[in-house]
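Next come the chains, spelled out residue by residue.
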Amino acid sequence: MIKNDIPHRLSDILERIKTACHHAGRPENSVSLVAVSKFHPVEAVRVALASGQRLFGENRVQEAAGKFPALRADYPDLKLHLIGGLQTNKALEACRIADMIESLDRPALGLALEKAAQKLGRLPELLVQVNLGDEPQKYGVPLKDARQFIEDSLTNFGTHIKGLMAIPPQEEDPVPHFRRLVALAQYYHLPVCSMGMSTDFEAAIAEGATIVRVGSAIFGPRQA
Ligand SMILES: *Cc1c(COP(=O)(O)O)cnc(C)c1O
């Protein structure tokens, strides 16, 4: 895809978000768009920035660290969410560069983030990632352990825990999964639900998503 398409695709997605909010009877500003720029060069991010987009998502710490810190000089209001499975040995760098980590999914990572926060004196906002389909190969706390883990995370991190994130199983209807995530977030009075990607963000908004993470529909297909 040529870079010139990015502004058009971006404004198209923003328009579709607005429409989905209207259909759901929700305010337009109740949904944030994370533009997922993984595997796309920093030039693509700059095009999106020039179009007004400020919130981005990356799923690898190293790639994000190579692209984003330098952009903050030009765009101080830029926000970066880390949305991929996070290794404990990347926790420090993750805390250094991210505004939000959407993938807190196990006690060992919580511990690593606590240590990193102590060392840096800064802790990003956090979402607990839930493995709604209980898929063994996926990231996210298994559904059966989710309540305990959310409660422990609230004890350890307090108001840094903003909500929940999930990726429904690809081959299934996402709607029941979206509903389950929203119900779980509401149970804990957590304001943020990050769910919905390029193919299903409108359905996610209908169910109550407050963050949608859209990559290929903005930046085009990825290599990997
Ligand atoms: C890549 C990715 C996305 C975006 O996926 P698209 O289908 O390209 O919109 C969203 N969330 C996570 C966690 C991802 O890794």
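Residues numbered from 1 in each chain as written. Predicted model: local features only at pLDDT ≥ 70, side-chain atom pairs only at ≥ 80, totals over all residues. Heavy atoms only, no water.

*Asks:* I'm lost on the pairing of strand 5 (residues 125-131) in this one. Help?
*Replies:* Regular strands place side chains that alternate from one sheet face to the opposite one. For strand 5, the buried fraction is high: six of the seven residues fall into the buried class. In the sheet, strand 4 (residues 100-104) pairs with strand 5 via three bridges, with the strands oriented parallel. By the bridge assignment, I101 is partnered in strand 5 with L126. Taken together, strand 4, helix 5 (residues 107-120) and strand 5 constitute a β-α-β crossover, and its handedness is right-handed. Strand direction decides the pairing type here: strand 5 and strand 7 (residues 161-165), joined by four bridges, are parallel. Directly across from Q129, in strand 7, lies its bridge partner M165. (Buried < 20%, exposed > 50% of the residue type's maximum accessible area, 1.4 Å probe, protein only. Helix = DSSP H or I, 4+ residues; strand = E, 2+ residues; numbered from the N terminus. Pairing = 2+ DSSP bridges. Right-handed = clockwise from strand over helix to strand, strands pointing away.)

*Asks:* Teacher, can you tell me more about the packing of aromatic side chains here?
*Replies:* When we look at a pair of aromatic rings, we describe it by the centre distance and by the angle of the planes. Applying the stated criterion to the full structure yields two aromatic pairs. With 5.7 Å between their ring centres and 45 degrees between their planes, F56 and F68 make a pair best called tilted. A residue pair is termed long-range when its members are at least 10 positions apart, and F56 in strand 2 (residues 55-58) and F68 in the loop between helix 3 (61-67) and strand 3 (79-82) qualify at 12 residues. Taking relative accessible area as the criterion, F68 reaches 1% and is therefore assigned buried. Taking 4.8 Å as the distance between ring centres and 85 degrees as the angle between the ring planes, the aromatic pair formed by Y187 and Y188 counts as edge-to-face. You can call Y188 buried: its relative accessible area is 13%. (Phe/Tyr/Trp six-rings, centres within 6.5 Å; stacked < 30°, edge-to-face > 60°.)

*Asks:* Would you explain helix 7 (residues 174-187) in this entry?
*Replies:* Owing to its 3.6 residues per turn, the α-helix aligns residues three or four sequence positions apart on the same side. Taking 1.5 Å of rise per residue, the 14 residues of helix 7 would be expected to cover 20 Å, and the 20 Å separating its terminal C-alpha atoms lies within 8% of that figure. Of the residues making up helix 7, those classed as buried are P174, V175, H177, F178, L181, V182, L184 and A185. For helix 7, the elements touching its buried residues are strand 5, helix 6 (143-157), strand 7, strand 8 (192-194) and helix 8 (201-207). H189, located one to two residues past helix 7, shows a positive phi value of around 55 degrees. (Expected span 1.5 Å × (residues − 1). Contact = heavy atoms within 4.5 Å.)

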